[in-house]
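Single-letter residue listing:
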Amino acid sequence: MKICLSATAENLDSQLDPRFGRCPYLLIVDSETMLFEAIPNMAAGETGGAGIRAAQIIADKGVKVVITGNVGPNAFGALSAAGIEIVTGVSGTVRAAVEKYKKGVLGRTRSPTVGGHFGMSKGLGRGRWGQ
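Source: prediction; values computed, not measured. (Residues numbered from 1 in each chain as written. Predicted model: local features only at pLDDT ≥ 70, side-chain atom pairs only at ≥ 80, totals over all residues. Heavy atoms only, no water.)

Colleague: Outline the side chain of Thr-88, listing residues and values.
Modeller: Mapping Thr-88 onto the fold places it in the loop between strand 5 (85-87) and helix 3 (94-102). In terms of polar contacts, Thr-88 uses its side chain to reach the side chain of Thr-109, at 2.7 Å. Setting aside residues up to four positions removed in sequence, Thr-88 forms contacts with Thr-68, Gly-69, Asn-70, Val-71, Thr-109 and Thr-113. (Helix = DSSP H or I, 4+ residues; strand = E, 2+ residues; numbered from the N terminus. Polar contact = N/O pair within 3.5 Å; in protein donor to acceptor, adjacent residues only side chain to side chain. Contact = heavy atoms within 4.5 Å.)

The following block contains the structure:
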């Protein structure tokens, strides 16, 4: 089964990134073989719609489960509409998270865990001071 994890780097020993839509890498791991594909998350720097775009990328790859720290309302809706199971509140390495999922330790998330635009810069460099 294909599992996508939000990651800080492009290998199985990288840490999970707490942000789904704005993580640097989307790691798609085959839970049986542990073979993986690291996809640079081109949506991470977008001013809006990052979670939706990241969800579209992994849905097109046939992912069945997402494991991450948090998921916002737009990403939650897009992932749910694609039939992808969402697991949040996870930290540690990608490898450890996959193993925990396989053992049944991690549970499904039923609603978004953060508001929209979680993980975005608070305006520095974007012309929006103090917002």
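Colleague: So what about the pattern of salt bridges? Which residues, and what values?
Modeller: Per the counting criterion, the structure on display carries five salt bridges. With its nearest N and O atoms 3.0 Å apart, the salt bridge here joins Glu-37 to Lys-61. Within this pair, whereas Glu-37 is found in strand 3 (residues 36-40), its partner Lys-61 is found in the loop between helix 1 (50-60) and strand 4 (65-67), the two being separated by 24 residues in sequence. Judged by its relative accessible area of 35%, Glu-37 falls in the partly exposed class. Residue classification places Lys-61 among the partly exposed residues on the basis of a relative accessible area of 32%. Across the pair Lys-102 and Glu-99 runs a salt bridge whose closest N-O atoms are separated by 3.6 Å. (Salt bridge = Lys/Arg side-chain N within 4 Å of Asp/Glu carboxyl O. Buried < 20%, exposed > 50% of the residue type's maximum accessible area, 1.4 Å probe, protein only.)

Colleague: How would you summarise the nonpolar core if you had to cite specific residues and measurements?
Modeller: Side chains that are nonpolar tend, in soluble globular proteins, to be buried together. Core analysis: the largest hydrophobic core is formed by 18 residues, its most contacted members being Leu-5 and Ile-67. Only strand 1 (2-7), strand 2 (25-30), strand 4 and helix 3 provide two or more residues apiece to this core. Of all the elements, helix 3 adds the most residues to this core, at four residues. In this structure Ile-67 touches Ile-3, Cys-4, Leu-5, Ser-6, Leu-16, Val-87, Val-90, Ala-97, Tyr-101 and Leu-106, once residues within four positions along its chain are discounted. Core analysis: the second largest hydrophobic core is formed by 17 residues, Cys-4, Phe-20, Leu-26 and Val-66 among them. (Core = buried A, V, L, I, M, F, W, Y, C linked by side-chain atoms within 4.5 Å.)

Colleague: How would you sum up the pairing of strand 3? Please name residues and give values.
Modeller: Of the strand pairs in this sheet, strand 2 and strand 3 are connected by five bridges, and their pairing is antiparallel. Within strand 3, the position partnered with Val-29 by the bridge is Phe-36. The antiparallel hairpin formed by strand 2 and strand 3 contains five residues in its connecting segment, where Met-34 sits at a positive phi of about 65 degrees. (Pairing = 2+ DSSP bridges.)

Colleague: Any details on the environment of Ser-91? Residues and values, ideally.
Modeller: Position of Ser-91 relative to the elements: it lies in the loop between strand 5 and helix 3. Sequence-wise, Ser-91 and Ala-7 are 84 residues apart; in three dimensions their C-alpha atoms are separated by 10.0 Å.

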